Amino acid sequence: MLQSTRVSVLVNRGPEGYFKVGRGLRQGELLSPVLFVIDEDILSRNITKMIQDGSLKAIVNRGGVQPSHIFFADNIFLFCNGEKRNVRKIMNLLKKYQGASAQQVNLEKSKCFMGGTCQNRRVQISEECNVVLADFPDKYLGVMLMQGNVKTQHVLSVVDMMQDRLAGWKGIKWMIGEVEENTRWIVGDGSNISSWKDKWVMKKTLQELYPDNAYMLQFPNMRVSDFILDGEWIVPTELMEMINISDLPVVSEIGDKRIWTGTITRHFTVASAVEVMRHKFPPLHWTKKVWYKSIHPSISSNIWKLGRNICATDDNEKKRKFHIVSRCILCRKREETKDHMLWYCDYSEIIWSWLGGIFNFKNTRSFDDIFQLAKNKSPAIKEIWLLSAFVTMKELWFLRNDCAYGNGKCNLNDTKKRIMKAISDCDIRMKAHMWNSQYDLQVLKRFGLKT
């Protein structure tokens, strides 16, 4: 298109001469993607036309739908029947396209996928295309390409990656709120300070202290500068009803300045922010037990989430304004909550009764019960009990998810086998000593652990 173009220049409002275009578009030129789309559209129309007139045989025909190609910004997916003549027609079309558009197909980065034929035939087609032969599964733009229907395990890694990134953003958002809560303003001219939403006169914002004040609602965007004239306070009667005149700060000559209240020096540091948050939230008594060295980190991480109620149960979804009909997927009798699913569901009670029977413990009814039941037992029994209880919680949660989003089924024997195997796998991590008693020996023998 550019090589055949002739350009004239306006001189004194009139065109002068014609000359060829010697160079193409600059990188970043707005016209470049438009020309690219035009070229791609021509290629797309030619492929569609070949399918419609029968000169190119489609890979499959389902109810009149014949997929032939998918175009991305810089990638093309082509689908066709594996007959040699079809492959040659596709390659000839691509050669014509390269000659007309001056674009080149990078064969070194291209891949050829085939199915339903022998290996010799696959190699022949690959050589005909001069493209590397590849097999599923294969990764494209970070997503695994699989044969057949997409299943949970195929996209689980992508979901985990997205959850990790979202968790990071949520953490940053939460931290920003905490930082803002521990800052206040030194008043200069007041132009940068909101009268109602910022801390400048009281320990809390006026909006927090007087949320329904009529004057505040009437002038929601008022700045502190509206109360200052020539460096002196001019306070309206309505504001005096909220603050005392003695509480007004001295107007600074250096302008508005935001300070951090988490340190004596008023300078912000990450360490001081962490310390402020640490004092705000009470410590959890069970953290060291959950992250104990005998507990595998994959188990600990899931127990941490369940202990903090960071799990997508129906009751938590409702708190986030999702309108759903709730029913426990395990017992199908009551609405699903985390406590019901772990402790009060008929299926869960049977599992806990079986596990408690091994230790001669009563049924566990809460997360706190786990830390009390083995209180007077030997260190080895305490270690085994915590591990087995955590594994049981994790397996119940995983079973719930598998039944809700996969093909899982409630089978008591299978659940018990998974629990026993997970405990046995952690044998090498357990170091606590046992008492020389028949009870300790029976428990260790029941789980197949070394004495």
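First, a word on scope: everything that follows refers to the structure included in this document. (Residues numbered from 1 in each chain as written. Predicted model: local features only at pLDDT ≥ 70, side-chain atom pairs only at ≥ 80, totals over all residues. Heavy atoms only, no water.)

### Topic: the side chain of threonine 313
Alright, step 1. Mapped onto the fold, threonine 313 is located in the loop between helix 10 (297-307) and helix 11 (314-319).
Alright, step 2. Filtering out sequence-adjacent residues up to four positions away, threonine 313 remains in contact with Glu336, Thr337, Lys338, Trp397 and Arg400. (Helix = DSSP H or I, 4+ residues; strand = E, 2+ residues; numbered from the N terminus. Contact = heavy atoms within 4.5 Å.)

### Concerning the packing of helix 13 (residues 346-359) against helix 16 (residues 412-425)
Alright, step 1. Their axes nearest at 11 Å, the elements helix 13 and helix 16 cross at an angle of 45°. Comparing the axis directions of helix 13 and helix 16 gives the class oblique. In the packing of helix 13 onto helix 16, the handedness of the crossing is right-handed. Here Tyr347, Ile350, Ile351 and Trp354 of helix 13 lie close against helix 16, whose contacting residues are Leu412, Thr415, Lys416, Ile419 and Met420.
Alright, step 2. Its residues assigned to classes, the contact of helix 13 with helix 16 shows seven nonpolar, one polar and one charged. (Axes fitted to C-alpha atoms, helices over the stretch in contact; angles between N-to-C directions. Parallel < 35°, antiparallel > 145°, perpendicular 65-115°, else oblique. Left-handed = near helix turned anticlockwise from the far one by under 90°. Nonpolar A, V, L, I, M, F, W, Y, C, P; charged D, E, K, R; others polar.)

### Some points on the side chain of glutamine 98
Alright, step 1. Inspection of the secondary structure puts glutamine 98 in helix 2 (residues 84-101).
Alright, step 2. Glutamine 98 gets classed as buried once you look at its relative accessible area, which sits at 16%.
Alright, step 3. A polar contact of 2.8 Å, which involves the side chain of glutamine 98, links it to the backbone nitrogen of valine 105.
Alright, step 4. For glutamine 98, the contacting residues outside a window of four places in its chain are Gln103, Gln104 and Val105. (Buried < 20%, exposed > 50% of the residue type's maximum accessible area, 1.4 Å probe, protein only. Polar contact = N/O pair within 3.5 Å; in protein donor to acceptor, adjacent residues only side chain to side chain.)

### Let's talk about the packing of helix 10 against helix 15 (residues 379-405)
Alright, step 1. For the pair helix 10 and helix 15, the least separation of the axes is 9 Å and the interaxial angle reads 70°. It follows that helix 10 is roughly perpendicular to helix 15 by the angle criterion. Contacts between helix 10 and helix 15 involve Ile299, Asn302, Ile303 and Leu306 from the first element and Leu387, Phe390, Val391, Met393, Lys394, Trp397 and Phe398 from the second.
Alright, step 2. Residue composition of the contact of helix 10 with helix 15, by class: nine nonpolar, one polar and one charged.

### Notes on the environment of proline 137
Alright, step 1. Its place among the elements puts proline 137 in the loop between strand 6 (132-134) and strand 7 (138-140).
Alright, step 2. A relative accessible area of 47% means that proline 137 is categorised as partly exposed.
Alright, step 3. When the C-alpha positions of proline 137 and leucine 444 are compared, they lie 43 Å apart, and in sequence the two are 307 residues distant.

### Topic: helix 17 (residues 438-447)
Alright, step 1. Within helix 17, burial applies to Tyr439, Asp440, Val443, Leu444 and Phe447. Buried residues of helix 17, seen end-on, are gathered within an arc of 125° and therefore sit on one face of the element. The exposed set on the far side of helix 17, more than 90 degrees from its buried face, consists of Gln438 and Lys445.
Alright, step 2. For helix 17, the elements touching its buried residues are helix 13, helix 15 and helix 16.
Alright, step 3. Note on helix 17: the residue one or two positions beyond its end, glycine 448, has a positive phi of about 70°. (Arc of directions from axis to C-beta.)

### Some words on helix 16
Alright, step 1. End to end, helix 16 covers 20 Å across 14 residues, agreeing with the expected 20 Å (1.5 Å per residue, within 8%).
Alright, step 2. Among the residues of helix 16, those classed as buried are Thr415, Ile419, Ala422 and Ile423. Down the axis of helix 16, the smallest arc covering the buried residues is 100°, so these residues share one side. Facing away from the buried side of helix 16, by more than 90 degrees, are the exposed residues Lys417 and Lys421. (Expected span 1.5 Å × (residues − 1).)

### Observations regarding the pattern of salt bridges
Alright, step 1. The tally for this structure, following the rule as stated, stands at 12 salt bridges.
Alright, step 2. For arginine 85, the salt bridge identified is with glutamate 83, shortest N-O distance 3.0 Å.
Alright, step 3. Across the pair glutamate 128 and arginine 88 runs a salt bridge whose closest N-O atoms are separated by 3.0 Å. Taken as a pair, glutamate 128 in helix 3 (residues 119-129) and arginine 88 in helix 2 lie far apart in primary sequence, 40 residues in all.
Alright, step 4. One salt-bridge network, held together by shared partners, links Lys57, Glu83 and Arg85. (Salt bridge = Lys/Arg side-chain N within 4 Å of Asp/Glu carboxyl O.)

### What about the nonpolar core?
Note on soluble globular proteins: their nonpolar side chains tend to be buried together.
Alright, step 1. In this structure, Phe359, Phe367, Ile370, Trp385, Phe390 and Met393 are the most contacted members of the largest nonpolar core, which totals 51 residues.
Alright, step 2. Looking at this core, the elements with two or more residues in it are helix 10, helix 12 (338-344), helix 13, helix 14 (367-373), helix 15, helix 16 and helix 17.
Alright, step 3. Apart from residues no more than four positions distant in its own chain, methionine 393 is found in contact with Ile303, Leu306, Leu342, Trp343, Trp352, Phe367 and Ile370.
Alright, step 4. Counting 18 residues, the second largest nonpolar core, distinct from the first, contains Trp196, Ile228, Met242 and Leu248. (Core = buried A, V, L, I, M, F, W, Y, C linked by side-chain atoms within 4.5 Å.)

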